[in-house]
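# An overview of the molecular structure
Each chain, letter by letter, is given below.
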Amino acid sequence: RDCLLSRGLGDVYKRQGQGFGYDVGYIYYAYPDSAQTDSTNEYDFGEVYGSLSYSYFSVSANYGVNNDDGAEWADSALYISADAEFEVAEGLTLALHIGDYSFDDDYKNDDYSDYGVSLSKDGFTFAVSDTDMDNDDLKFTVSYSIDIDL
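Here is what the cut-offs are and how they apply
Residues numbered from 1 in each chain as written. Predicted model: local features only at pLDDT ≥ 70, side-chain atom pairs only at ≥ 80, totals over all residues. Heavy atoms only, no water. Core = buried A, V, L, I, M, F, W, Y, C linked by side-chain atoms within 4.5 Å. Buried < 20%, exposed > 50% of the residue type's maximum accessible area, 1.4 Å probe, protein only. Contact = heavy atoms within 4.5 Å. Pairing = 2+ DSSP bridges. Helix = DSSP H or I, 4+ residues; strand = E, 2+ residues; numbered from the N terminus. Phe/Tyr/Trp six-rings, centres within 6.5 Å; stacked < 30°, edge-to-face > 60°.

Turning next to the nonpolar core. Generally speaking, nonpolar side chains in soluble globular proteins are found buried as a group. One finds Y29, Y31, F45, A77, Y79, Y101, F103 and Y112 forming the largest nonpolar core, which totals eight residues. For A77, the contacting residues outside a window of four places in its chain are N62, Y63, G64, Y101, S102 and F103.

The pairing of strand 5 (residues 57–67) with strand 6 (residues 78–89) spans seven bridges and is classified as antiparallel. Of the residues in strand 6, the one forming a bridge with V59 is A82. Where strand 6 lies against strand 7 (residues 92–102), 11 bridges are found, and the strand directions are antiparallel. Within the sheet, the bridge partner assigned to D83 lies in strand 7 and is H97.

Time to look at the packing of aromatic side chains. Scanning the model with the defined rule gives 11 aromatic pairs in all. When the ring of Y56 is compared with that of F57, the centres are 6.4 Å apart and the planes differ by 90°; the resulting orientation is edge-to-face. Y56 gets classed as partly exposed once you look at its relative accessible area, which sits at 48%. For F57, a relative accessible area of 46% gives the class partly exposed. Judged by centre distance (5.3 Å) and plane angle (35°), the ring pair of Y56 and F86 falls under tilted. Linking Y56 in the loop between strand 4 (45–54) and strand 5 with F86 in strand 6, this pair joins segments that are 30 residues apart in sequence. Note on F86: relative accessible area 25%, which makes it partly exposed. Following the ring pairs from residue to residue traces out a cluster consisting of Y79, Y101, F103 and Y112.

And the structure:
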């Protein structure tokens, strides 16, 4: 999901203890310049989400609840994913992901699955991801992040 800006409530309720965790919230994806690209459409949409985690594993579901005219596909869209994250060597983390996006029957049947794998160490991440969509290319990503305690 290539989004310029996301805002919303996010983490409305989050709890973790004894290896179990859960998180529920709302995410709003805003594409500020979408009307300039296509004056008849806006592509902003929102999702409610929930996730459960235990130890190294998590499962989550996102459900489309509102959209602008250009994002009809987001109405009743359901994204379900499963993730695992393991430390494979000191400070080196391996993450695995698989997800499935299914759309309302009123939208043309373009359901798809996505999957990815990444390695992270000292703030750097190297990731490889793809989907089962026709004409979609394998993606390679390198990123760096900094944790900030507030």
